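Fold and geometry: a report
Residue-level listing of the chains:
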Amino acid sequence: MTPASSTPRHSRITGTGSYLPPRRLTNDDMAAMLAERGVQTNDAWIVERTGIRARHFAADGVPCSDLALQAARAALESAGRAAADLDLIIVATSTPDMVFPSTACILQAKLGAAGGAAFDLQAVCSGFVYALAVADSMIRAGTARCALVVGAEIFSRILDFDDRTTCVLFGDGAGAVVLEASERPGILATELHADGRQAGILCVPGTVAGGKVTGDPLLKMDGQAVFKLAVGVLDSAARAVLAKAGRSEADLDWLIPHQANIRIMQGTARKLKLPLDKLIVTVDEHGNTSAASVPLALDAAVKTGRVKPGDTVMLEGVGGGFTWGAVLLDF
Ligand code: UT7
């Protein structure tokens, strides 16, 4: 690790990347797949209630670290960095390759790097925002200089395809950023919160014990309870992070919230009095990719030329735990 420097130190995103597995399922594909199990759904319901039109599913046997690897390579390339430059890797995931070692360590080896710190961070759909805030803190503290922060998920493996209220919502993918020490602030302020009393409204209650899975290893969600909490906490986190940075809603060029439901995202933008064309939306094409959703959306916004150097961007996460948070940054 690099010793702390006396120079004022900030962190800044210097590269972004993302990866979606090739298998794309439209809502009609999902409806046909579920119909074979006697489960009824349709494109109109999914679009109207969520804004989702398609999602990507990883092929059988592909581990989460492979998705992370593709996104990481793209982020390193866009930052002009090599894996050997990294002294910190954080992977936000709820669908790791194995119980241990961490997906971050597996990713480090696949990148051909060694020696820097590497660990996973588990905050479900808030995972990337949490991981970015942790990496920012470590860079500002002088314990890292060049970090790779990844959100990567294979939620298709933990979905109950007999439960139409959840299985149509989620998808697989990975997004990554390179975050580097900088004289100039990139990340302006962060806000992280949790309320563990709400653990039961969104969970995968199973675990591994005595050589087998015990409990239910599939995702359970009380959608309406999550919806109501999400709307409130996304608004409070947005206001808190703006206040902390001494900025206002009017300073925002882009809002990139967790991509779970278009109604929640548009509601958050409206409460902030933000025109809807400042809202980055990828939930239509990706579904809810949990910890991967925010970096996937950020990379899509960068690649399409919407988010540009100097833009002020707010990232927001919300999900299981219950967890939520926001990161305000100058890109
Ligand atoms: O990633 C963490 C963050 N997660 C979220 O943000 C999710 C938050 N919650 C939601 O996005 C919404 O609550 C859902 C999209 C999950 C559900 O939307 P809703 O408007 O709350 O629908 P609902 O649960 O009230 O269900 C309405 C109806 C029900 O039928 P009845 O009881 O009114 O006859 C459901 O059975 O819609 C039915 N339904 C479906 N119909 C067709 C539920 N799922 C489906 C489906 N296809 N896939």
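Report follows, based on the coordinates. (Residues numbered from 1 in each chain as written. Predicted model: local features only at pLDDT ≥ 70, side-chain atom pairs only at ≥ 80, totals over all residues. Heavy atoms only, no water.)

As for a nonpolar patch on the surface
- Together, V99, F100, V208 and V213 line one region of the surface with nonpolar side chains, adding up to about 470 Å² of accessible area.
- Inspection of the secondary structure assignment puts F100 in the loop between β4 (88-92) and α4 (103-111). (Patch = residues over 30% accessible without salt bridge, like charges linked within 9 Å, V, L, I, M, F, W, Y side chains within 5 Å. Areas by Shrake-Rupley, 256 points an atom, 1.4 Å probe, with all protein chains shown as cover. Salt bridge = Lys/Arg side-chain N within 4 Å of Asp/Glu carboxyl O. Helix = DSSP H or I, 4+ residues; strand = E, 2+ residues; numbered from the N terminus.)

Looking at the sheet that holds strand β14 (residues 312-319)
- One open sheet accounts for four strands, arranged β8-β15-β14-β13; its pairing is mixed. Strands with a single pairing partner mark the edges of an open sheet, and in this sheet they are β8 (187-194) and β13 (254-257). This sheet shows a mean twist of 10° between the axes of neighbouring strands, independent of strand direction.
- Contacts from helix α5 (residues 127-141) reach β8, β14 and β15 (323-330), with the element oriented near 125° to β8.
- The sheet strands contacting helix α10 (residues 293-303) are β13 and β14, and the helix crosses β13 at an angle near 145°. (Pairing = 2+ DSSP bridges. Axes fitted to C-alpha atoms, helices over the stretch in contact; angles between N-to-C directions. Contact = heavy atoms within 4.5 Å.)

Remarks on unusual backbone geometry
- Note that the residue after F100, namely P101, is joined by a cis bond; omega there is 5°.
- Along the chain, the position of P101 falls in the loop between β4 and α4.
- Here the residue pair G321 and F322 is connected by a cis peptide bond, since its omega of -5° sits within 30 degrees of zero.
- Mapping F322 onto the fold places it in the loop between β14 and β15.
- One non-glycine residue, S290, lies in positive phi territory at about 55°.
- Tracing the chain through its elements places S290 in the loop between α9 (283-286) and α10.
- Overall, the relative accessible area of 1% leaves S290 in the buried class. (Buried < 20%, exposed > 50% of the residue type's maximum accessible area, 1.4 Å probe, protein only.)

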